[in-house]
Amino acid sequence: EKHLTFNQASVSADWRFARKFTLGGSGIFGDYSDDNSKRSASGHLYWNREGKIKILTGPTLTYMDFSNPYPGGYWAPDWVRNGSWRLMVETRRGRMTFKFDGTAGLEKELGSETLTVVGLSGRMGWRLGDRTFASAEAGYSRSRFTSASGYNRKFVGLSFKAMF
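Treat the numbers as computed from the prediction; the structure is a model and nothing was measured. (Residues numbered from 1 in each chain as written. Predicted model: local features only at pLDDT ≥ 70, side-chain atom pairs only at ≥ 80, totals over all residues. Heavy atoms only, no water.)

**Student:** Can you help me understand a positive patch on the surface in this one?
**Tutor:** Side chains of Lys54, Arg92, Arg95 and Arg127 sit close together on the surface and give a patch of like positive charge. With respect to the secondary-structure elements, Arg92 resides in strand β5 (residues 79-93). (Patch = residues over 30% accessible without salt bridge, like charges linked within 9 Å, V, L, I, M, F, W, Y side chains within 5 Å. Areas by Shrake-Rupley, 256 points an atom, 1.4 Å probe, with all protein chains shown as cover. Salt bridge = Lys/Arg side-chain N within 4 Å of Asp/Glu carboxyl O. Lys, Arg positive; Asp, Glu negative; His and termini not counted. Charge placed at Lys NZ, Arg CZ, Asp CG, Glu CD. Helix = DSSP H or I, 4+ residues; strand = E, 2+ residues; numbered from the N terminus.)

Shown next as structure tokens:
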């Protein structure tokens, strides 16, 4: 039985070039044991509002391609591009935190129709004590990048954190 392995190197940076603006990017190179390789790059420009209600919004562009498209056994497109707009809102009230994160945009894979993509998630957190925190999160996304197998992904998560 043949197993596929994957090694990845990545780099990312954010530059807050003005009080309310952040420019960022990332790059990924992946090497597969079947002699395939993946290249991916992403960039964003976000407007930030600090304060009791934090807001982050702006465009994100992503590109990915494989040297050997569709070898079988995993999603490996010749190339795929995504252009989306992101909005994140976060606030605190007493011991509670609330966060909403959403994206909407277009995605195009070589040989496929352009797809409207969306992503929504919400998180509610509770500070239980000075060193403990619990949260609940739920979300949905429709994108080749987040599912890699069916274009739709739903999730629910519960977490508990304690500092010692």
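**Student:** Whenever I open this one, the nonpolar core confuses me. Can you help?
**Tutor:** The nonpolar side chains of a soluble globular protein tend to be buried with one another. Counting seven residues, the largest nonpolar core consists of Tyr32, Met64, Phe66, Tyr74, Trp75, Ala76 and Val80. Apart from residues lying up to four places away in sequence, Tyr32 is in contact with Leu4, Thr5, Phe6, Ser37, Lys38, Phe66 and Tyr74. (Core = buried A, V, L, I, M, F, W, Y, C linked by side-chain atoms within 4.5 Å. Buried < 20%, exposed > 50% of the residue type's maximum accessible area, 1.4 Å probe, protein only. Contact = heavy atoms within 4.5 Å.)

**Student:** Could you clarify how one ought to interpret unusual backbone geometry in this entry?
**Tutor:** Negative phi characterises most residues that are not glycine, and trans characterises most peptide bonds. Notably, Asp35 is not glycine yet its phi reads approximately 70°, a positive angle. Structurally, Asp35 can be placed in the loop between β2 (21-32) and β3 (37-49). We note that Tyr70 has phi near 50°; this positive angle belongs to a residue other than glycine. One can find Tyr70 in the loop between β4 (53-66) and β5.

**Student:** What is the right way to read the side chain of Ser121 from this model?
**Tutor:** Within the secondary structure layout, Ser121 lies in strand β7 (residues 115-129). Ser121 sits in the buried class, given a relative accessible area of 16%. When residues no more than four places from it in sequence are discounted, the contact partners of Ser121 are Lys99, Phe100, Asp101, Glu137, Ala138, Gly139 and Phe155.

**Student:** Got a minute to help me understand the sheet that holds β2 in this structure?
**Tutor:** Note: strands within a sheet are paired through backbone hydrogen bonds, in either parallel or antiparallel orientation. Read across the sheet, nine strands follow the order β1-β2-β3-β4-β5-β6-β7-β8-β9 without closing on themselves; strand pairing throughout is antiparallel. Strands with a single pairing partner mark the edges of an open sheet, and in this sheet they are β1 (6-18) and β9 (152-162). Pairs of neighbouring strands in the sheet enclose a mean axial angle of 15°, with direction left out of account. One ladder, built from 13 bridges, connects β4 with β5; its direction is antiparallel. If you follow Asp65 over to β5, its bridge partner there is Trp79. (Pairing = 2+ DSSP bridges. Axes fitted to C-alpha atoms, helices over the stretch in contact; angles between N-to-C directions.)

**Student:** Teacher, can you tell me more about a nonpolar patch on the surface here?
**Tutor:** A cluster of nonpolar residues, Trp15, Phe17, Phe21, Leu23 and Leu45, forms a patch on the protein surface that exposes about 480 Å² of accessible area. Elements that contribute at least two residues to the nonpolar patch include exactly β1 and β2. Mapped onto the fold, Leu45 is located in strand β3.

All we've got here are geometric facts, nothing functional implied.
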